[in-house]
Amino acid sequence: MAHYAELDINNRVIRVLTACNQDIATHGGELSEEAANYFGTYTPFSENGVKWVQTSYNNNFRKQYAVLGSTFDSIKDKFIAIQTHPSWSLDANDDWQAPVAYPTVTTYGDNVRYFISWDETGQRWIGKDRQKNEFIWIPSSLSWVSTGN
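This is a predicted model, so every value here is computed, not measured.

Rules used in this analysis
- Positions within a chain are numbered from 1, following the residues in the order the chain's sequence is written.
- Owing to the predicted nature of the model, reporting of local features is limited to residues with pLDDT of at least 70; listing and counting of side-chain atom pairs is limited to 80 or more, with chain, interface and lining totals taken over all residues.
- For the side-chain quantities, the full set of heavy atoms in the structure was used; hydrogens and water were omitted.
- Put simply, DSSP H or I for four residues or longer makes a helix, DSSP E for two residues or longer makes a strand, and each gets a number counted from the N terminus.
- C-alpha atoms define the radius of gyration in this analysis, and the globule rule sets the expected value at 2.2 Å times the number of residues to the power 0.38.
- Should any heavy atoms of two residues lie within 4.5 Å, those residues are considered in contact.
- Any N or O atom pair separated by 3.5 Å or less is treated as a polar contact, with the protein-specific requirement of one donor-capable and one acceptor-capable atom, and with residues adjacent in sequence counted only for side-chain atom pairs.
- Paired strands, in this sense, are two strands between which DSSP finds at least two bridges.
- Under the scheme applied here, a residue whose accessible area is under 20% of the maximum for its type counts as buried, over 50% as exposed, and between as partly exposed, the area being computed with a 1.4 Å probe on protein chains only.
- This arc is built from the directions going out from the helix axis to the C-beta atoms.
- Only buried residues count toward a nonpolar core. Its members are Ala, Val, Leu, Ile, Met, Phe, Trp, Tyr and Cys residues joined through side-chain atoms within 4.5 Å.
- Any carboxyl oxygen of Asp or Glu within 4 Å of a side-chain nitrogen of Lys or Arg constitutes a salt bridge here.
- Working convention: axes come from line fits to C-alpha atoms, limited for helices to the stretch in contact. Angles between N-to-C directions cover 0 to 180 degrees.

1. Some thoughts on the overall build of the protein chain
Thinking step 1. Within the protein chain, the secondary structure is distributed over 2 helices and 13 strands.
Thinking step 2. The C-alpha atoms of the protein chain give 21 Å as radius of gyration, which overshoots the globular expectation for 149 residues (15 Å, by more than 25%).
Thinking step 3. The dimensions of the protein chain, computed from C-alpha atoms along their principal axes, are 60 × 30 × 25 Å.
Thinking step 4. Restricting to contacts in the protein chain with at least 6 residues of sequence separation, those with at least 24 account for 37%.

Printed below as a string of structure tokens:
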């Protein structure tokens, strides 16, 4: 099945629907404007919709699969993921990056993985072990330090 993202006036994805592969193939083929327009003839726009753009469920084209709230960059011809935190910025590959690089050490003890999450308020990575003890990643020493919690 082919998939189409409905975009609003700001190129934000407002829904993603499936289309028949045969319909797409006989009306211009994948990634064609003709196929997108044909899809629109039998799938009307929602209230804020203005354009249909094909997306790839397997990430074979347009960088990644469109999801609700992501955006389409028409100049780069790709979908951009949702910015998960205000402090994060897009890198050269259009992937969101934290202002502090992800920890290089992700395990403790006998190779048990930390549960790692971003702390937007503190602008740092927090790790928790199985007992829910909390640790802060210190990039300068490439190590975790216990918060005592």
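2. Considering the side chain of Asp8
Thinking step 1. Of note, Asp8 is situated in the loop between strand E1 (2–7) and strand E2 (13–19).
Thinking step 2. Here the side chain of Asp8 touches Arg12 through a polar contact of 3.0 Å, landing on its backbone nitrogen.
Thinking step 3. With near-sequence residues (within four places) excluded, Asp8 lies in contact with Ile14, Asn48 and Val50.

3. What about the pairing of strand E10 (residues 115–119)?
Thinking step 1. Note that E10 and strand E11 (residues 124–128) share 5 bridges and pair antiparallel. Bridge assignment links Trp118 to a residue of E11, and that residue is Trp125.
Thinking step 2. Count of turn residues in the E10/E11 antiparallel hairpin: 4 residues, of which Gln123 carries a positive phi of about 50°.

4. Re the environment of Phe115
Thinking step 1. Within the secondary structure layout, Phe115 lies in strand E10.
Thinking step 2. Distance in space between the C-alpha atoms of Phe115 and Gln54 is 35 Å, their sequence separation being 61 residues.

5. What about helix H2 (residues 33–42)?
An α-helix turns once every 3.6 residues. As a result, residues three or four positions apart point the same way.
Thinking step 1. Listing the buried residues of H2 in full gives Ala35, Ala36 and Phe39. Buried residues along H2 cover an arc of 100° about the axis, so they all sit on one side.
Thinking step 2. Those residues of H2 that are buried are in contact with E1, E2, helix H1 (21–26) and strand E3 (51–55).

6. Some thoughts on the nonpolar core
When a protein is soluble and globular, its nonpolar side chains tend to lie buried together.
Thinking step 1. Residues Trp88, Ala98, Tyr108, Val112, Tyr114, Ile116, Trp118, Trp125, Phe135, Trp137 and Trp144 constitute the largest nonpolar core, which totals 11 residues.
Thinking step 2. Residue assignment for this core shows that the elements contributing at least two residues are E10 and strand E12 (134–138).

7. So, the pattern of salt bridges
Thinking step 1. The tally for this structure, following the rule as stated, stands at 6 salt bridges.
Thinking step 2. For Arg15, the salt bridge identified is with Glu6, shortest N-O distance 2.3 Å.
Thinking step 3. Bridged by salt links that share partners, the residues Lys76, Lys78 and Asp94 form one connected network.

8. Describing the sheet that holds E10
Thinking step 1. Across the sheet, which stays open at both edges, the 4 strands sit in the order E10-E11-E12-E13 with antiparallel pairing between neighbours. Since the sheet does not close on itself, it has two edges, and those belong to E10 and strand E13 (143–146), each with one partner. Sheet twist, expressed as the average angle between the axes of neighbouring strands with direction ignored, equals 35°.

9. Focus on the sheet that holds E3
Two modes of strand pairing occur in sheets, parallel and antiparallel, and in both the strands are linked by backbone hydrogen bonds.
Thinking step 1. The strand order E2-E1-E3 describes an open sheet built from 3 strands, whose pairing is antiparallel. Across the chains shown, the open sheet's two edge strands, defined by having one partner strand only, are E2 and E3. Going from strand to strand, the sheet's axes swing by 30° on average, the running direction of each strand aside.
Thinking step 2. As paired elements, E1 and E2 share 6 bridges and run antiparallel to each other. Note that in E2 the partner of Ala5 across the bridge is Val16.

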